[in-house]
Amino acid sequence: MKINVYLSGNPGHDRVLRAFQAGCGGQLRAVEKYEPSEVAVIFGVYKSRVPQSFARGEVFRQQREKNLDVIVLETGYINRGDGEAHHYAAGFNGLNGRADFRNQGMPDDRALLLRKEHGLRCLAWRETGKHVLLCGQVPWDASVEMCENYPEWLKHITRRIRHHTDREIRFRPHPLGPDLQIPGCSHSTVPLAEDLNDCWATVSFNSNTGVESVIDGIPTFAFDEGAMAKGMANMWLADLENPKTPDRHQWLNDLAYTQWTPEEMKKGLTWRHLFR
């Protein structure tokens with residue numbers, strides 16, 4: 001099998017790409033030098049407002065036009081960061097919830113490892129809370145490319161939230177995004193843990209805060225198929241005062257099989273999972 005692993009020039013991304021290459025035996029190439037292969041590996045996807053992403057977007061486009069696979073690496077969902085001990089997502093032909101992670105019906109071994117080594121704990125579903133937390137995202141990020149006008153979506157969703165609850169609506173802008181002011185919302189820039197304290201529910205387009213919310217036992221609402229909290233997330237704001245609180249055991253098992261450390265990638269664990 002021919003495998004091309006495309007280095008981007010970003011040191012953090014390339015460190016993860018090199019780890020993946022060590023575990024699959026692929027060929028390293030500069031991202032500007034596309035060549036068809038059975039599998040291409042890139043870090044991240046195209047972002048229309050980020051020129052540095054255009055070359056990897058072209059790799060993705062050409063591979064898929066030829067009906068060839070792309071493995072997309074990205075920041076993980078639990079134990080997030082950009083270091084050797086952090087986790088990175090690896091899935092086929094898409095980003096986040098649009099990727100195929102080959103992870104349906106997984107055992108609990110990796111979830112248990114996250115509990116043991118990284119303190120993962122699922123809290124009981126919360127039954128009290130004073131505010132609804134509207135979680136902002138970076139408007140130019142790939143995860144909100146499907147949202148035609150993200151700032152307007154925030155205003156629209158705030159009006160819909162208000163229609164269904166009298167609770168405080170608190171808007172939390174993304175730390176890397178613009179400091180938007182959303183009419184009808186209070187505004188918060190405190191650490192996320194403080195905003196989740198005494199929170200009744202979280203709302204986002206598809207933010208990873210939804211994952212953190214579910215793990216912390218706070219009902220979440222998400223409105224895009226790319227949300228990693230899908231399956232656990234509510235989709236109808238009419239349920240805001242009586243949100244669903246499903247069993248999370250299998251969801252967490254499956255989520256643990258979406259992400260891997262660089263050391264696990266070097267050992268070929270990621271590759272063997274994806275091609276088992």
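Note: the structure precedes this text.
Residues numbered from 1 in each chain as written. Predicted model: local features only at pLDDT ≥ 70, side-chain atom pairs only at ≥ 80, totals over all residues. Heavy atoms only, no water.

**Structural notes on helix H4 (residues 150-164)**
And step 1. Under the 1.5 Å per step criterion, the end-to-end length of H4 is 21 Å for 15 residues, consistent within 8% with the ideal 21 Å.
And step 2. In this structure, the buried residues of H4 make contact with strand E6 (131-135), strand E7 (168-172) and strand E9 (199-204). (Helix = DSSP H or I, 4+ residues; strand = E, 2+ residues; numbered from the N terminus. Expected span 1.5 Å × (residues − 1). Contact = heavy atoms within 4.5 Å.)

**Some remarks on the sheet that holds strand E8 (residues 186-187)**
And step 1. Read across the sheet, five strands follow the order E8-E7-E6-E9-E10 without closing on themselves; strand pairing throughout is parallel. Edge positions in the sheet fall to E8 and strand E10 (220-222), since each has one partner strand and no second.
And step 2. In terms of strand pairing, E6 meets E9 through four bridges, oriented parallel. Within the sheet, the bridge partner assigned to Val132 lies in E9 and is Ala201. (Pairing = 2+ DSSP bridges.)

**Focus: the state of the cysteines**
And step 1. Summed over the entire model, instances satisfying the criterion amount to zero disulfides.
And step 2. With no disulfide of its own, Cys185 lies 11 Å from the sulfur of Cys135, the closest cysteine sulfur.
And step 3. Judged by relative accessible area, which is 18%, Cys185 ranks as buried.
And step 4. Left unpaired, Cys199 is separated from the closest cysteine sulfur, that of Cys135, by 7.3 Å. (Disulfide = S-S within 2.5 Å. Buried < 20%, exposed > 50% of the residue type's maximum accessible area, 1.4 Å probe, protein only.)

**What about the pairing of E7?**
And step 1. Most of E7 sits inside the fold, with four of its five residues counted as buried.
And step 2. Pairing of E6 with E7 involves five bridges; the strand directions are parallel. The partner of Cys135 across the bridge, within E7, is Arg172.
And step 3. The parallel pair E6 and E7 is bridged by H4, and the resulting crossover is right-handed.
And step 4. Of the pairings in the sheet, the one linking E7 to E8 comprises two bridges and is parallel in character. Following the sheet pairing, Arg170 is matched in E8 by Ser186. (Right-handed = clockwise from strand over helix to strand, strands pointing away.)

**Considerations on the pattern of salt bridges**
And step 1. Taken as a whole, this structure holds 17 salt bridges when the rule is applied.
And step 2. A salt bridge links Glu35 to Arg29; its shortest N-O distance comes to 3.8 Å.
And step 3. On the basis of relative accessible area, Glu35 is assigned to the partly exposed category, the value being 26%.
And step 4. Its salt-bridge partner being Lys47, residue Asp141 comes within 3.3 Å of it at the nearest N-O pair. Highlighted residues: Asp141 in the loop between E6 and H4 and Lys47 in the loop between strand E3 (39-43) and helix H2 (54-65), separated in sequence by 94 residues.
And step 5. Judged by its relative accessible area of 24%, Asp141 is partly exposed.
And step 6. What you see here is one network of salt bridges that share partners, running through Glu168, Arg170, Arg172 and Asp195. (Salt bridge = Lys/Arg side-chain N within 4 Å of Asp/Glu carboxyl O.)

**A word on the packing of aromatic side chains**
And step 1. Tallying each qualifying case throughout the model produces 11 aromatic pairs.
And step 2. Between Tyr46 and Phe54 the ring centres are 5.5 Å apart and the planes differ by 35°, which places this aromatic pair in the tilted class.
And step 3. Overall, the relative accessible area of 36% leaves Phe54 in the partly exposed class.
And step 4. Measuring from centroid to centroid gives 5.9 Å for Tyr150 and Trp153, while their planes differ by 15°, and the two rings are stacked. Of the two residues, Tyr150 and Trp153 both sit in helix H4, three residues apart, roughly one turn of that helix. The exposure classification of Tyr150 matches that of Trp153, with both residues buried.
And step 5. Through pairs of rings, three or more aromatic residues link up here, namely Phe20, Phe92, Trp271 and Phe275.
And step 6. The ring of Trp125 has Arg248 lying over it, and the distance from NZ or CZ to the ring centre is 4.5 Å. (Phe/Tyr/Trp six-rings, centres within 6.5 Å; stacked < 30°, edge-to-face > 60°. Lys NZ or Arg CZ within 6 Å of the ring centre and 35° of its normal.)

**Thoughts on the side chain of Asn4**
And step 1. Within the secondary structure, Asn4 is located in strand E1 (residues 3-7).
And step 2. Owing to a relative accessible area of 0%, Asn4 belongs among the buried residues under this scheme.
And step 3. Within the local environment of Asn4, its side chain forms a polar contact with the backbone oxygen of Glu35, the two atoms lying 3.0 Å apart. (Polar contact = N/O pair within 3.5 Å; in protein donor to acceptor, adjacent residues only side chain to side chain.)

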